[in-house]
Amino acid sequence: MKKIITLAVILSSIVFYSCEDIVDELDKLTQFELEFTEDFTYPPAPLFADSIRFDGPPVSTNSDTTFKTNNTEKELVQDVQVKQLDLTIIAPDSGSFDFMNYIRVFIMADLNGDGIFDDETERIEVANKMTIPTNIGTFLKLDPIPGDYKQFIFQDEIKLSLQYGTNRATLFPLKLDVRSVFNVNAKILGV
Ligand SMILES: [Ca+2]
């Protein structure tokens, strides 16, 4: 028994020291997440369609506050990547994503400050699911598209824009919860 305890103490010391080494190697970099949850209500789609577009309302990023909380600021942010993007049908209970053939999600922001969200230069695809299984149900997890989205997250407001194809009409409105998680890599202030 004593041997086991001694071994456990040695092992935990090894783990402890390795963690410290890793922190040193990272040279005072920090990583944290920004998460947004939005509710969308989609009107019934009368026909099957190759491409339906639906833009959500503007959402506050609160990025400046989040940066401050994590002891960093805009100028020290290295990159912002999409970690996760998923959709959940909240109502009706019988809803399913099986009416969709594919879905692409874009992030939009007024990068040049002219008050307009420009489709060509201020809208970029962040995640998609190009094949949707027929047994999908109410939860749909999209594949993130690698890239640096910091210029969008730096703005006070962003919009999510959804584009999808349908294989049949939908008879009732769908209430959706869209959750996006971004991973921020930044340097810490004062280093
Ligand atoms: Ca603009």
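Scroll up to find the structure.
All values derive from a computational prediction rather than experimental measurement.

Time to look at the overall build of the protein. Of the regular secondary structure elements, the protein holds three helices and ten strands. Walking the protein from its N terminus toward its C terminus, one meets helices and strands in the order α-β-β-β-α-β-β-β-β-β-α-β-β. In the protein, the share of contacts with a sequence separation of at least 24, taken over all contacts with a separation of at least 6, comes to 81%.

Time to look at the pairing of strand β6 (residues 123-129). Two strands pair when backbone bridges link them, and strand β5 (residues 100-108) and β6 are joined in this way by six bridges, in the antiparallel orientation. Residue pairing across strands places Phe 106 opposite Glu 125, the latter belonging to β6.

Attention now moves to the pairing of strand β9 (residues 157-166). Sheet topology note: the strand β2 (residues 52-55)/β9 ladder contains four bridges and is antiparallel. Across the sheet, residue Ile 52 finds its bridge partner in β9, namely Tyr 164. Across two bridges, the pairing between strand β3 (residues 59-60) and β9 is antiparallel. Directly across from Ser 60, in β9, lies its bridge partner Glu 157. One ladder, built from eight bridges, connects β5 with β9; its direction is antiparallel. Within β9, the residue paired with Tyr 102 across the bridge is Gly 165.

Across soluble globular proteins, you tend to see nonpolar side chains buried next to one another. If you look at the biggest cluster of nonpolar residues, it comprises 30 residues, and the most contacted ones within it are Leu 85, Val 105, Ile 107, Val 126, Ala 127 and Leu 142. Of all elements in the fold, only β4 (77-91), β5, β6, α3 (150-153), β9 and β10 (174-187) reach the threshold of two or more residues within this core.

Read across the sheet, four strands follow the order β1-β10-β4-β7 without closing on themselves; strand pairing throughout is antiparallel. Two strands close off the open sheet at either side, each with one partner strand: β1 (29-42) and β7 (139-141). The sheet shows a mean angle of 15° between the axes of neighbouring strands, direction not considered. Pairing of β4 with β7 involves three bridges; the strand directions are antiparallel. The residue bridging Thr 88 from the neighbouring strand is Phe 139, located in β7.

What follows covers unusual backbone geometry. Across the junction of Ala 91 and Pro 92, the peptide omega takes the value 0°, indicating a cis bond. Relative to the assigned elements, Pro 92 resides in the loop between β4 and β5. Although it is not a glycine, Asn 62 adopts a positive phi angle of roughly 50°. With respect to the secondary-structure elements, Asn 62 resides in the loop between β3 and α2 (63-69). Phi at Asn 71 is positive, roughly 60°, even though this residue is not glycine. Take Asn 71: it is sitting in the loop between α2 and β4.

Analysis parameters
Residues numbered from 1 in each chain as written. Predicted model: local features only at pLDDT ≥ 70, side-chain atom pairs only at ≥ 80, totals over all residues. Helix = DSSP H or I, 4+ residues; strand = E, 2+ residues; numbered from the N terminus. Contact = placed C-beta atoms within 7 Å. Pairing = 2+ DSSP bridges. Core = buried A, V, L, I, M, F, W, Y, C linked by C-beta atoms within 7 Å. Buried ≥ 20, exposed ≤ 12 C-beta atoms within 10 Å, placed from the backbone. Axes fitted to C-alpha atoms, helices over the stretch in contact; angles between N-to-C directions.

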